[in-house]
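The primary structure of each chain is shown beneath.
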Amino acid sequence: AQTVTQSQPEMSVQEAETVTLSCTYDTSESNYYLFWYKQPPSRQMILVIRQEAYKQQNATENRFSVNFQKAAKSFSLKISDSQLGDTAMYFCAFMKHVNTGKLIFGQGTTLQVKP
Amino acid sequence: NAGVTQTPKFQVLKTGQSMTLQCAQDMNHEYMSWYRQDPGMGLRLIHYSVGAGITDQGEVPNGYNVSRSTTEDFPLRLLSAAPSQTSVYFCASSSLRLDIGEKLFFGSGTQLSVL
């Protein structure tokens, strides 16, 4: 069975600085998808970034980028120029079967951006 | 488009009561699913469906029933509520093309407390 582990329950960062959230996963699959979701206090689930395992290039979305290490089964999220609005819980998620939409989530990391 | 609509947003039940959490989407998505979110455990898949008349179990199906009689609706039934079912419940939907960049759309969640 696939598992996703986020080993940092809580993190904090000063506004405008950079922070990296860690995620590791376990799978025997060679093709899969990885996601980072943001959940602000409103409880809404917001897709931040996605990575296809067959792509070697790390995904980037504005201030958000990932460091995808397939051999190490690691998928970290880097947030540059942190903003107060980035304060939220962040979930790493794994999708094994492309066309079932079944996601396996990590435990989440609560990020607080301090002014 | 309303997206994914969940009702109710909050519910308090007594142990042994039954209820149905409603979920509807207006995007003609084939895939619909229910997750529960518990502190320190991320989101866990309860049941999912890849089309009308087709449902399957996720990671934590015990105590929950689902049916998919239409493409739009995917209700989650608690037959005899237990305190262990106190959680936040999310419904999600997507087309079955998450491989080409389609998104998983989440509802706004239902906070359920079982006393």
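How each quantity is defined
- Residues numbered from 1 in each chain as written.
- Chains lettered and ligands numbered in written order.
- Predicted model: local features only at pLDDT ≥ 70, side-chain atom pairs only at ≥ 80, totals over all residues.
- Heavy atoms only, no water.
- Helix = DSSP H or I, 4+ residues; strand = E, 2+ residues; numbered from the N terminus.
- Rg over C-alpha atoms; globule rule 2.2 N^0.38 Å.
- Buried < 20%, exposed > 50% of the residue type's maximum accessible area, 1.4 Å probe, protein only.
- Disulfide = S-S within 2.5 Å.
- 1 Å grid on protein atoms, 1.4 Å probe; cavity = no way out; pocket = protein on both sides within 12 Å on 5 of 7 lines; lining within 4 Å.
- Points joined across faces, edges and corners; volume = space filled by probe spheres on them.
- Nonpolar A, V, L, I, M, F, W, Y, C, P; charged D, E, K, R; others polar.
- Core = buried A, V, L, I, M, F, W, Y, C linked by side-chain atoms within 4.5 Å.
- Contact = heavy atoms within 4.5 Å.

Focus: the overall build of chain B
Regarding its fold elements, chain B presents 0 helices and 11 strands. For 115 residues, the compact-globule estimate of 2.2 N^0.38 gives 13 Å, and chain B sits close to it at 14 Å. Expressed along its principal axes, the backbone C-alpha trace of chain B runs to roughly 40 × 30 × 25 Å. Here chain B holds 115 residues, and the buried ones make up 50% of them.

Here's the deal with the state of the cysteines
Applying the stated criterion across every chain yields a total of 2 disulfides over all chains. Across the disulfide from A:Cys23 sits A:Cys92; the S-S distance is 2.0 Å. Measuring the twist about the S-S bond at about -70 degrees, one finds the A:Cys23-A:Cys92 disulfide to be left-handed. With A:Cys23 in the loop between strand E3 (19-21) and strand E4 (24-26) and A:Cys92 in strand E10 (residues 88-95), this residue pair connects regions lying 69 residues apart in the sequence. With its sulfur 1.8 Å from that of its partner, B:Cys23 forms a disulfide with B:Cys91. An S-S torsion of about -70 degrees defines the bridge between B:Cys23 and B:Cys91 as left-handed. Separated by 68 residues along the polypeptide, B:Cys23 in strand E3 (residues 19-25) and B:Cys91 in strand E9 (residues 87-94) bring together distant segments of the chain. Here B:Cys91 falls in the buried class, since its relative accessible area comes to 0%.

Structural notes on the layout of surface pockets
Counted as a void, the largest pocket has a volume near 380 Å³. If you trace the largest pocket, you find 20 residues lining it, with A:Gln2, A:Leu103, A:Ile104, A:Phe105 and B:Glu59 closest to the centre. Here the residues of the lining of the largest pocket are counted per class, giving 8 nonpolar, 8 polar and 4 charged. Its volume calculated, the second largest pocket comes out at about 220 Å³. When its residues are assigned to classes, the lining of the second largest pocket shows 10 nonpolar, 4 polar and 1 charged.

Digging into the nonpolar core
Note on soluble globular proteins: their nonpolar side chains tend to be buried together. Residues and elements named next belong to chain A. Counting residues in each nonpolar core, the largest one holds 25 residues, and the members touching the most others are Tyr25, Trp36, Phe75, Leu77 and Tyr90. Those elements that provide at least two residues to this core are E3, strand E5 (33-39), strand E6 (46-52), strand E8 (64-69), strand E9 (74-79), E10 and strand E12 (109-114). With 4 residues, E10 is the single largest residue contributor to this core. Not counting residues up to four positions away in its chain, the partners in contact with Tyr25 are Thr3, Val4, Tyr32, Leu34, Phe68, Gln69, Lys70, Lys73, Ser74, Phe75 and Phe94.

Remember that the coordinates give geometry; whether it matters functionally is a separate question.
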